Amino acid sequence: MRTRTVVTALALVGTLALTGCSGTSSSHSTSTKTASAMPKPTKDPVFLPEASAKDNLYYFTWVIEKTLTADPAADSYAIAQAVGAAGFDPATVQFTFSQTAAGLAADTSEVAVQFGGECLVGQFGPVAPKVISRVMPVLASGGCLLGTEVQSLG
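This one's a predicted model, so the numbers in the text were calculated from it and none came from an experiment.

1. A look at the packing of helix α3 (residues 53-70) against helix α4 (residues 76-85)
With their axes 9 Å apart at the nearest point, α3 and α4 run at an angle of 135 degrees to one another. The orientation of α3 with respect to α4, classified from their angle, is oblique. Crossing hand, α3 versus α4: right-handed. Listed contacts from α4 to F60, V63, I64, T67 and L68 of α3 are A78, I79, A82 and V83. Looking at the contact of α3 with α4 residue by residue, the class counts come to 8 nonpolar, 1 polar and no charged.

2. Things to note about the confidence of the model for the protein chain
Residues at a pLDDT of 70 or more form 73% of the protein chain, whose mean pLDDT is 81. The low-confidence segment residues 1-35 (pLDDT under 50) makes 36 contacts with residues lying over four places distant or belonging to another chain.

3. Points about the side chain of T67
Checked against the element boundaries, T67 lands in helix α3. Of note is the side chain of T67, whose polar atom sits 2.8 Å from the backbone oxygen of V63. If we ignore the near neighbours within four places in the chain, the residues touching T67 are A74, A78, I79 and A82.

Criteria and cut-off values
The numbers attached to residues start from 1 for each chain and follow its sequence in the written order. Confidence filtering applies because this is a predicted model: local features only for residues at pLDDT of at least 70, side-chain atom pairs given and counted only at 80 or more, and all residues used for totals across whole chains, interfaces and linings. Only hydrogens and water are set aside; all other atoms, that is, all heavy atoms of the structure, feed into the side-chain values. Only the stretch in contact is used when a helix axis is fitted, and all axes are lines through C-alpha atoms; the angle between N-to-C directions ranges over 0 to 180 degrees. Each helix is a run of H or I in the DSSP string that is no shorter than four residues. Each strand is a run of E no shorter than two, and both are numbered from the N terminus. The cut-offs work like this: below 35 degrees is roughly parallel, past 145 is roughly antiparallel, 65 to 115 is roughly perpendicular, and the gaps in between are oblique. Should the near helix be turned counterclockwise from the far one by less than a right angle, the crossing is left-handed, whereas a clockwise turn marks it as right-handed. We call two residues contacting when some pair of their heavy atoms lies within 4.5 Å. Gly is put with the polar residues, along with every residue not named as nonpolar or charged; the nonpolar set is Ala, Val, Leu, Ile, Met, Phe, Trp, Tyr, Cys and Pro, and the charged set is Asp, Glu, Lys and Arg. Per-residue confidence from the predictor is given as pLDDT, running between 0 and 100. Polar contacts, as used here, are pairs of N or O atoms within 3.5 Å; protein pairs need one atom able to donate a hydrogen and one able to accept it. Residues neighboring in sequence count only if both atoms are side-chain atoms.

Below is the structure:
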C-alpha cells in the first residue's frame, strides 16, 4: 500500500510541476478547473455523451458527490460502479483501493474514467475536505491512474 501512496504522490507532484512549468494558457487552465470552481446549476447535471471531458467534469464530480452523500461509507469500488452506471464507459473506469493492506481507511481514493480522449479523475476520502476532480491527459500506458494497486471495472 505504501508503494501506491508513493506512486500516487509522485504522479500528483509531477503533474503539478508540469502544470507550473507550462505557463498559463486559457485552454489548459480551463480544462483543469475543479468542479467546485464552476457555477452550480439549479438542476441536476446530465451526462453529455457528445460533449468533451471538460463539459462532463461537473457531472462526473456530481456523481461521486451524490454517491458519497447517499452513503458516506461508500468505498472506491462503489463509486467506480456509480460512475460506470452514470453513462461513462465502465470498461475505462479505474479506481484505487479504499483500504490499506492493514485494513485501515486510505487517506484518499481515486476514481477515473477515460472520456473523449482525456481522463476525468476524482479524488476523495477522509483527508479530502471535498471531492477534487480534474481533466487530465490519458497516460502513455493507456490508462488514467498509475500504480500497482490500480483496479479496473473493465
